[in-house]
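Residue-level structure breakdown
Here's the letter readout for the chains.
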Amino acid sequence: MARVLDVDYFHVVFTLPAALRPLALAHRRQVFALLLRAAAQTLLTLGHDPKRLGAELGITAVLHTWTRELTFHPHVHCIVTAGGLTADRRRWRPARQRHLFPVRVLGALFRGKVLSALQRSLARGELASADPVTTRRTLGALHHAPWLVYVKRPFGGAKRLFQYLGRYTHRVGLSNHRLVTVTPDAVTFRTKDGRTATLHPEEFLRRLLLHVLPSGFVKIRHSGLFASRQASTALPIAHCLLADRPPAVPSAAPSPWPSVLQRLTGIDVTRCPRCDRSPLDRRLLVPSAPRPPP
């Protein structure tokens, strides 16, 4: 929290097109790193543009590779400051409250950066392909297709951002509470909107293992004002500039942990899992006497 700037934050999601997923499966480390780098560069480039914002943004990017059905779907979630530090480091320039950058501009710039990086890697032989001609045709076709970028309106502030990141960044493809039934022949788990999916155990394991990252791969990365090299230079300046603003209205007291757990997982720990009685009777369990020897 000491490093998080006390401003609003946008949530921006960059998605890799379906046509590039086979290449990502074959070269996970290279494509995942390229995806994270292109997402950050897209935001920083538009942030530096004097016609857009003309300032250095703070960005935290998180790689996710799954859908609720556990299919392979690489995308990057970016938490972006709603404003930035000007080049002369004398002013904090806020972004528009309901608008960071146009999604079409974000998508077009992101597309150009990803495709350019992929073409350079192919030319250097870093991304071996069984059918190089088809791969080049796929990249060429994607130059004319729109790329999906999603931008969500700002968070309420630094504290809400910290709470969000604490729950969100370390999620995995499937948590235990989504499992419904597990048998030798089928695994059923919840997806979304009350629906479920049922898979053969081998298919379930295949999908689950799609989301195991390469050894040592860092899926959470910081750029701009949040980069390590800025921690002792530009970031303290931004903190000082923002400290001159009127103090924020204090938030309400945090919710009790059982309420937070129920909101996140749907599990009510105050109810008995057998009889659904609430509240639970709390009694001291007396240790049973040891059994006599036979």
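For every chain, the first residue of the written sequence is number 1, and numbering continues from 1 along that sequence. Where local features are concerned, this predicted model is filtered to residues with pLDDT of at least 70; where side-chain atom pairs are given and counted, the filter is 80 or more; whole-chain, interface and lining totals use all residues. Processing note: side-chain calculations cover all non-hydrogen atoms of the structure and skip hydrogens and water entirely.

**So, the overall build of the protein chain**
Selection rule: Strands are runs of DSSP state E lasting at least 2 residues, helices are runs of H or I lasting at least 4, and numbering of each runs from the N terminus. Note on classification: 1.4 Å probe, protein chains only; a residue is buried when its accessible area is under 20% of the maximum for its type, exposed when over 50%, partly exposed between these limits. Residues count as neighbours in contact if any of their non-hydrogen atoms are within 4.5 Å of one another. Values of accessible area rely on a 1.4 Å probe in the Shrake-Rupley scheme; residue burial ignores everything except the protein chains shown. The sign given to each residue is positive for Lys and Arg and negative for Asp and Glu; His and the chain ends receive no count. For this purpose, a charge sits on NZ of Lys, CZ of Arg, CG of Asp or CD of Glu.
Within the protein chain, the regular secondary structure consists of eight helices and 10 strands. In the protein chain, buried positions account for 41% of the 294 residues. Pairs at least 24 residues apart make up 70% of the contacts formed inside the protein chain by residues separated by at least 6 positions. Total accessible area on the protein chain stands at roughly 18000 Å², and carbon and sulfur atoms take up 57% of it. Separation between the mean location of the 44 positive side-chain charges and that of the 16 negative ones in the protein chain comes to 4 Å.

**Structural notes on the side chain of Thr86**
Within the secondary structure, Thr86 is located in the loop between strand 4 (83-85) and strand 5 (92-94). With sequence-adjacent residues up to four places away left out, Thr86 is seen in contact with Gly54, Ala55, Arg91 and Arg93.

**Topic: the nonpolar core**
Note that soluble globular proteins tend to have their nonpolar side chains buried in a common cluster. Inclusion rule: To form a nonpolar core, buried Ala, Val, Leu, Ile, Met, Phe, Trp, Tyr and Cys residues must be joined to one another through side-chain atoms within 4.5 Å.
Ranked by size, the top nonpolar core spans 46 residues in total, and within it Val12, Phe14, Leu43, Cys78 and Val114 carry the most contacts. Contributing elements (two or more residues each) for this core: strand 1 (9-15), helix 1 (21-26), helix 2 (28-48), strand 2 (58-66), strand 3 (72-81), helix 3 (103-123) and helix 4 (132-142). No other element matches the 11 residues that helix 2 contributes to this core. With residues up to four places along the chain from it excluded, the contact list for Val114 reads Leu16, Leu20, Leu34, Ala38 and Trp147. Leu5, Val7, Tyr9 and Leu242 belong to the second-largest nonpolar core, a separate cluster that totals 17 residues.

**Let's talk about the sheet that holds strand 7 (residues 179-182)**
We apply this condition: The rule for pairing is simple: two strands pair if DSSP sees at least two bridges between them. Axis definition: a line fit to C-alpha positions, over the contact stretch in the case of helices; interaxial angles, taken between N-to-C directions, run 0 to 180 degrees.
Judged by pairing direction, the sheet is antiparallel, and its three strands sit side by side in the order 7-8-9 without closing on themselves. With partners counted over all chains shown, the strands left at the sheet margins are strand 7 and strand 9 (196-199), one partner each. Taken over all neighbouring pairs, the strand axes of this sheet differ in orientation by 15° on average, direction set aside. Of the strand pairs in this sheet, strand 7 and strand 8 (residues 187-190) are connected by three bridges, and their pairing is antiparallel. Paired with Leu179 across the bridge in strand 8 is Phe189.

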